[in-house]
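# Secondary and tertiary structure notes
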Amino acid sequence: MEFQKHQLTNGLTLVGEIHPSAQSAAVGFFVRTGARDETAQISGVSHFLEHMLFKGTDKLSALEVNEAFDSTGAKFNAFTSEENTVYYATVLPEYLDKVTDLWTQLMRPALRDDDFNMEKNVILEEIAMYKDLPQFDVMDQCRSLHFAEHPCGHSVLGSKESITALTAEQMRDYFTCRYAPNNLVLACCGNFDFDHFCKLAKDKCDSWTPSEVGRELSFFPGSKNRQHEIKANLVREHICLVSPGVAAQDPRRFAASLLGLILGDSTGSRFFWALVDTALAETAAMQYESMDGVGAFYSYIQCGRENVTRVMEIVDNIFDDVIQNGITQEELDAARNKVLSSVTIKSEQPMGRLVDLGFNWVYLKEYRSVADDVKAIKAVTADEVNGLLDEFKPSEYTLFSLGPEGQT
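What comes next is a walk through the structure.

Thresholds, definitions, all that
Residues numbered from 1 in each chain as written. Predicted model: local features only at pLDDT ≥ 70, side-chain atom pairs only at ≥ 80, totals over all residues. Heavy atoms only, no water. Helix = DSSP H or I, 4+ residues; strand = E, 2+ residues; numbered from the N terminus. Rg over C-alpha atoms; globule rule 2.2 N^0.38 Å. Buried < 20%, exposed > 50% of the residue type's maximum accessible area, 1.4 Å probe, protein only. Contact = heavy atoms within 4.5 Å. Areas by Shrake-Rupley, 256 points an atom, 1.4 Å probe, with all protein chains shown as cover. Phe/Tyr/Trp six-rings, centres within 6.5 Å; stacked < 30°, edge-to-face > 60°. Lys NZ or Arg CZ within 6 Å of the ring centre and 35° of its normal. Pairing = 2+ DSSP bridges. Axes fitted to C-alpha atoms, helices over the stretch in contact; angles between N-to-C directions. Core = buried A, V, L, I, M, F, W, Y, C linked by side-chain atoms within 4.5 Å.

This part is about the overall build of the protein chain. Of the regular secondary structure elements, the protein chain holds 15 helices and 11 strands. Its C-alpha atoms give the protein chain a radius of gyration of 22 Å, near enough to 22 Å, the size a compact globule of 408 residues would have. Its C-alpha atoms give the protein chain principal-axis dimensions of roughly 60 × 50 × 35 Å. Here the protein chain holds 408 residues, and 57% of them are scored as buried. The contacts in the protein chain between residues at least 6 apart in sequence include a share of 82% that link residues at least 24 apart. Just so you have it, the protein chain exposes about 17700 Å², and 50% of that area is on carbon and sulfur atoms.

Right, here's the structure in full:
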């Protein structure tokens, strides 16, 4: 594998990882914008804008966009998070030019009023759909409760009220600011010619105008508030816990990821043996999420209402025990092997490498090979993980729960 990078005069960064023996190529635009970059007045605009890019350009209709992707056999999609919007496709190498050209066109969308008004209904339906999914709703509301006034607490979808009030002009203003070339990374992995890739990008993107793009970056320890909400038609209790963690730029992120697995992996973790294996909960999982300048551990538990008190006693005991006594070397080794397997298997395909390649540049402004990550994961010690427990105590969490009527 060979890494290459290039930057256009307007600030657009091109990064590539070349695999001459690969049978495919993956390409994607990484836009450093998401819910945390929005105000309350335009909450949900980043995700809405992601939808709008597929509505086409001044020269391409939505139907023509879909037909263009379909004609190449590309596997394509996009996603929006609290702090990034990513557009990606994986394709046979002979169609990489066509798909890359298509993405460069879509990065300058028409944002037509008619399309905006029609897609607004789609977004409102999506908000309603996710409100019907308690496992999503409880996580979304707990994140907002945990981060309080910090921008990482903004909802990716926005609200029914904010989307209803949003105007096409507000979206166009947001797009002009946040989709500036100096706020984008164009990444490619697989079997391709990087020099040719750069020439294509320069031809299509060099005229884009840069903009002053900022982001509030600050650590936040969490509100540690606790809230319960009764929701009609539920028969199970849905519980989310959030506690602080290290940021994406912190080298201890590998230790934090291992800690999340030790406590809450779906098999073999402390949560699993104490809650799932004993049939006290259907689901009990923890994961670590690294973000720009801040991080968090998220736990999600689903159980019967009759087991809530016992389940939370066990969770608190697990947290107290791991803080007082630390993790064991056996736990660390098992978690490490799971992560190493996941990293290496995912990296065998260009699409598996694309997200890591892009995000490493967005967050770190550096290239990290698979070997670099493997080395870092292998280097994590029990003392390092236990040091995280001293600094970021999982027992000091924010809690939000959704449950059926009659729950106290």
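This part is about the packing of aromatic side chains. One pass over the full model with this rule turns up 25 aromatic pairs. Ring geometry for Phe271 and Phe319: centres 5.9 Å apart, planes at 50 degrees, overall tilted. Here Phe319 lies in helix α11 (residues 308-325) and Phe271 lies in helix α10 (residues 270-276), a separation of 48 residues in the sequence. Accessibility classification places Phe271 together with Phe319 in one group, the buried group. Taken together, a centroid distance of 5.9 Å and an interplanar angle of 50 degrees make the contact between Phe359 and Tyr363 tilted. With Phe359 and Tyr363 both in helix α13 (residues 350-364), this residue pair falls 4 residues apart, about one helical turn. For Tyr363, a relative accessible area of 15% corresponds to the buried category. Taken together, the aromatic side chains of Phe54, Phe69, Phe76, Tyr87, Trp103, Phe175 and Tyr179 make up a single cluster linked through ring pairs. Positioned above the aromatic ring of Trp208 is the side chain of Arg108, whose terminal nitrogen or guanidinium carbon lies 4.0 Å from the ring centre.

Sheet strands pair by backbone hydrogen bonding; their relative direction is either parallel or antiparallel. In space, the 6 strands of this open sheet follow the order β1-β2-β6-β3-β5-β4, with mixed pairing throughout. Whereas interior strands pair on both sides, the edge strands pair on one side only; in this sheet they are β1 (2-7) and β4 (75-80). Pairwise comparison of adjacent strand axes, ignoring direction, gives a mean angle of 10 degrees for this sheet. Looking at chain direction, β1 and strand β2 (residues 13-18) are connected through 6 bridges and run antiparallel. Along β2, the bridge assignment pairs Phe3 with Glu17.

A few words now on the nonpolar core. The biggest cluster of nonpolar side chains holds 51 residues, and the ones touching the most others in it are Leu14, Phe29, Leu49, Trp103 and Met171. If sequence neighbours within four positions are ignored, Phe29 has contacts with Leu12, Thr85, Val86, Tyr87, Trp103, Thr104, Met107, Leu184, Val185, Leu186, Cys205 and Trp208. Grouped together as the second largest cluster of nonpolar side chains are 46 residues, Tyr288, Val339, Val370 and Tyr397 included.

Note that every value here comes from positions in space, so none of it alone points to a role or purpose.
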